Amino acid sequence: VDVLGVGGQGVLAQHVGRAREADPQRAQHQPPAAAAASRGMPVLFCHGADDRVVRPELGRNSLRRAAALGLAASFRAYPALGHEYGGQEMIDVQQFLLAHLAPTAPAPAAEPGEPPS
């Protein structure tokens with residue numbers, strides 16, 4: 001996962017930037033969301049069901065648009081949550097990240113007497 005976005009604005013920006021750096025020729029001909037979709041970027045949309053600043057249906061619209069672009073998108077709404085984040089939402093975000101982050105290999109141990117690399 002290349003991006004963790006809280007708030008929904010510009011969530012794809014960092015991921016798309018990396019895609020363009022990796023293959024600038026291809027990126028010239030591909031819209032940003034399509035570039036992210038082609039790399040299999042998973043997206044989790046979370047929304048407070050009681051949000052009075054950004055209506056929950058706008059979050060669902062974002063999900064539909066992301067899915068139409070080929071992104072592996074999912075949506076979760078949280079009852080009694082307004083225009084903030086916390087509680088079960090943060091647990092779900094953590095689980096989402098753990099499920100999609102590639103495990104990192106530990107650095108090889110230094111030989112006795114050698115400084116660590």
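Rules and cut-offs
- Residues numbered from 1 in each chain as written.
- Predicted model: local features only at pLDDT ≥ 70, side-chain atom pairs only at ≥ 80, totals over all residues.
- Heavy atoms only, no water.
- Helix = DSSP H or I, 4+ residues; strand = E, 2+ residues; numbered from the N terminus.
- Buried < 20%, exposed > 50% of the residue type's maximum accessible area, 1.4 Å probe, protein only.
- Polar contact = N/O pair within 3.5 Å; in protein donor to acceptor, adjacent residues only side chain to side chain.
- Lys, Arg positive; Asp, Glu negative; His and termini not counted.
- Salt bridge = Lys/Arg side-chain N within 4 Å of Asp/Glu carboxyl O.
- Contact = heavy atoms within 4.5 Å.
- Expected span 1.5 Å × (residues − 1).
- Arc of directions from axis to C-beta.
- Pairing = 2+ DSSP bridges.
- Right-handed = clockwise from strand over helix to strand, strands pointing away.

Notes on the environment of Gln88
One can find Gln88 in helix 5 (residues 88-100). With relative accessibility at 45%, the residue Gln88 sits in the partly exposed group. For the pair Gln88 and Tyr78, spaced 10 residues apart in sequence, the C-alpha separation works out to 7.8 Å. At 2.8 Å, the side chain of Gln88 and the side chain of Asp92 are in polar contact.

Describing the side chain of Asp92
Assignment of secondary structure puts Asp92 in helix 5. Summary of buried charges: Asp92 has no salt-bridge partner, and the nearest side chain of opposite charge, Arg76, is 4.2 Å away. Here the side chain of Asp92 touches Tyr78 through a polar contact of 2.7 Å, side chain to side chain. For Asp92, the residues in contact, after removing those within four places along its chain, are Leu44, Arg76 and Tyr78.

Some thoughts on the pattern of salt bridges
Going through the model one piece at a time under the given rule, you end up with one salt bridge. Ionic pairing is found between Arg55 and Glu57, a salt bridge with its closest N-O pair at 2.6 Å.

A closer look at helix 4 (residues 56-68)
Given a rise of 1.5 Å per residue, 13 residues ought to cover 18 Å, and the 19 Å separating the end C-alpha atoms of helix 4 matches this to within 8%. Restricting attention to buried positions, one finds in helix 4 the residues Pro56, Gly59 and Ala66. Projected onto a plane normal to the axis of helix 4, the buried residues spread over an arc of 75° and lie on a single side. Turned more than 90 degrees away from the buried face of helix 4, the exposed residues are Arg65 and Ala68. Taken together, the buried residues of helix 4 touch strand 1 (42-48) and strand 2 (72-78).

Some remarks on the pairing of strand 1
Remember that side chains alternate between the two faces of the sheet whenever the strand is regular. Summarising burial for strand 1: five of the seven residues are buried, a large majority. As paired strands, strand 1 and strand 2 are joined by seven bridges and run parallel to one another. Within strand 2, the position partnered with Leu44 by the bridge is Ser74. For the crossover that starts at strand 1, traverses helix 4 and ends in the parallel strand 2, the hand is right-handed.

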